[in-house]
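Observations on chain architecture
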Amino acid sequence: MGGFERYLTLWVLLCIGAGIALGHFLPGMTQVVAAMEIAQVNLPVGVLIWVMIIPMLVKIDFAALAQVKSHARGIGVTLFINWAVKPFSMALLAWLFLRHVFAPWLDPAQVDSYVAGLILLAAAPCTAMVFVWSQLCKGDPLFTLSQVALNDAIMLVAFAPIVALLLGISSITVPWDTLLTSVLLYILVPVAIAQILRKHLLRQGDAAFQRTLAWMGPMSMVALLATLVLLFAFQGQAILAQPLVIALLAVPILLQVVVNAGLAYGLNKKLGVAHCVAGPSALIGASNFFELAVATAISLFGLHSGAALATVVGVLIEVPLMLAVVAVVNRSRRWYESSGSRALS
């Protein structure tokens, strides 16, 4: 992990401060940017999100799906956590904390939007940063690649139905046309562009491919930070009025990461999966595709919404939380391997 990624939380905090300052001192400028919309899609934010997502998707090799059988147990555990546990556990935590435990400190008019943002955050597993987490815990790279490729393939068809189901259960009305448009704009089209670009670059040789990835990587992070500046510029006045909101939204996100990482790690141990697979399995099970969550929240609920703010809180705490999970996975390796793991995947 490079220095920039290692201190991502610091850069996020700085962007939050810059965005709030812009929204407070230059409200006219933020209103002009907010007005740049077509069919409820803010053009500056939409462009930034494409620049953010496409470099990550270029790394995905869908040919790695052929490796799935060789890591069946580890992949089975991660799929179970990602698609059968995580979205539903987040919906439960959001309902418990935002509608009940923290209700006295939250604006009742925004609670539905906050809940929606947390559901969006958990509805899609992480794509890009997982490779970093896997490397830090000495994970099997073939497992990580095949798991990410499989998750991306599932996301193409499962993301919209899961989001619609959970928002419906939470009594939040979701316009299907807007949700499907979000899937088209922020999953289908970027995946298609990324795979076309990937094939074009690979025809020029692996060295050219790696050089391009190295060049595109910083663009993705810069686009993420620029998006945060815009989001917090629009959320600035609400945050200054209720700074406690960010801390309260962080609680269910933190609990979700701890529960899902622990469950994935424990299930892999019980099934005798090798540590080099169990580590990245736990990390993939716990982390979120926050770039997609941010984009979809903006499309569904708008730049000013509590949903957009909730997804941004996920960005704020993702890196330190994942680094903590990596530390636990690494330090528990001897314990994991000492009690009969059969080194299967």
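Our subject is the structure that appears above.
Residues numbered from 1 in each chain as written. Predicted model: local features only at pLDDT ≥ 70, side-chain atom pairs only at ≥ 80, totals over all residues. Heavy atoms only, no water.

Some words on the overall build of the protein
For the protein, the count of helices and strands is 15 helices and two strands. On C-alpha atoms alone, the protein measures out to a radius of gyration of 20 Å, which is about the 20 Å that the 2.2 N^0.38 rule sets for 345 residues. Each principal axis of the C-alpha distribution contributes one length, and for the protein these read about 60 × 50 × 40 Å. Pairs at least 24 residues apart make up 87% of the contacts formed inside the protein by residues separated by at least 6 positions. Counting every atom, the protein has about 14100 Å² of accessible surface; 71% of that belongs to carbon and sulfur. Of the side chains in the protein, 17 bear a positive and 12 a negative charge, and the two mean positions are spaced by 14 Å. (Helix = DSSP H or I, 4+ residues; strand = E, 2+ residues; numbered from the N terminus. Rg over C-alpha atoms; globule rule 2.2 N^0.38 Å. Contact = heavy atoms within 4.5 Å. Areas by Shrake-Rupley, 256 points an atom, 1.4 Å probe, with all protein chains shown as cover. Lys, Arg positive; Asp, Glu negative; His and termini not counted. Charge placed at Lys NZ, Arg CZ, Asp CG, Glu CD.)

Things to note about the nonpolar core
Counting 123 residues, the largest nonpolar core has L98, F159 and L228 as its most contacted members. Per element, the largest residue contribution to this core is 15 residues, and it comes from helix 14 (residues 306-331). Residues within four places of F159 in sequence aside, it is in contact with L120, A123, A124, I154, V183, I187, L292 and T296. (Core = buried A, V, L, I, M, F, W, Y, C linked by side-chain atoms within 4.5 Å. Buried < 20%, exposed > 50% of the residue type's maximum accessible area, 1.4 Å probe, protein only.)

Re the packing of aromatic side chains
All told, the structure shown has four aromatic pairs when counted by the stated rule. On the numbers, 6.5 Å between centres and 70° between planes, the contact of W335 with Y336 is edge-to-face. A residue is classified by how much of its surface remains accessible, and Y336, at 0% relative accessible area, is buried. Of the aromatic side chains, those joined through ring pairs into one cluster are Y265, W335 and Y336. Taking the ring centre of W335 as reference, the NZ or CZ of K269 above it sits at 4.4 Å. Positioned above the aromatic ring of Y336, the side-chain terminus of K269 is 5.4 Å from the ring centre. (Phe/Tyr/Trp six-rings, centres within 6.5 Å; stacked < 30°, edge-to-face > 60°. Lys NZ or Arg CZ within 6 Å of the ring centre and 35° of its normal.)

As for the side chain of D152
Checked against the element boundaries, D152 lands in helix 8 (residues 141-169). Of the side chains with opposite charge, R198 comes closest to the buried, unpaired D152, at an N-O distance of 10 Å. Leaving out residues up to four positions away in the same chain, D152 has contacts with L57, I60, F62 and T127. (Salt bridge = Lys/Arg side-chain N within 4 Å of Asp/Glu carboxyl O.)

What to know about the packing of helix 7 (residues 129-136) against helix 8
As a packed pair, helix 7 and helix 8 sit with axes 10 Å apart at the nearest point and diverge in direction by 155°. Between helix 7 and helix 8, the interaxial angle falls into the category roughly antiparallel. Crossing handedness for the pair helix 7 and helix 8: right-handed. Contact residues: helix 7 offers V130, F131 and S134, while helix 8 offers T144, L145 and V148. In the contact of helix 7 with helix 8, the residues fall into four nonpolar, two polar and no charged. (Axes fitted to C-alpha atoms, helices over the stretch in contact; angles between N-to-C directions. Parallel < 35°, antiparallel > 145°, perpendicular 65-115°, else oblique. Left-handed = near helix turned anticlockwise from the far one by under 90°. Nonpolar A, V, L, I, M, F, W, Y, C, P; charged D, E, K, R; others polar.)

Topic: the side chain of S332
Relative to the assigned elements, S332 resides in the loop between helix 14 and helix 15 (333-338). Residue S332 is classed as buried on the basis of its relative accessible area of 12%. Reaching out from S332, the side chain makes a polar contact with the side chain of Y265 at a distance of 2.7 Å. (Polar contact = N/O pair within 3.5 Å; in protein donor to acceptor, adjacent residues only side chain to side chain.)

A few points about the environment of H71
Mapped onto the elements of the fold, H71 is located in the loop between helix 4 (43-58) and helix 5 (72-101). In sequence terms H71 and V315 are 244 residues apart; their C-alpha atoms lie 29 Å from each other.

Observations regarding the pattern of salt bridges
Where charged atoms from two side chains of opposite charge come close, those side chains can pair. Under the definition given, this model contains three salt bridges. Ionic pairing is found between R99 and D112, a salt bridge with its closest N-O pair at 2.8 Å. One end of the pair, R99, is in helix 5; the other, D112, is in helix 6 (residues 111-122), with 13 residues separating them in the sequence. Judged by its relative accessible area of 34%, D112 is partly exposed. Across the pair E337 and R333 runs a salt bridge, and its minimum N-O distance is 3.4 Å. In this pair, E337 and R333 both sit in helix 15, four residues apart, roughly one turn of the helix.

Note that all results are geometric; they support no functional claim without further evidence.
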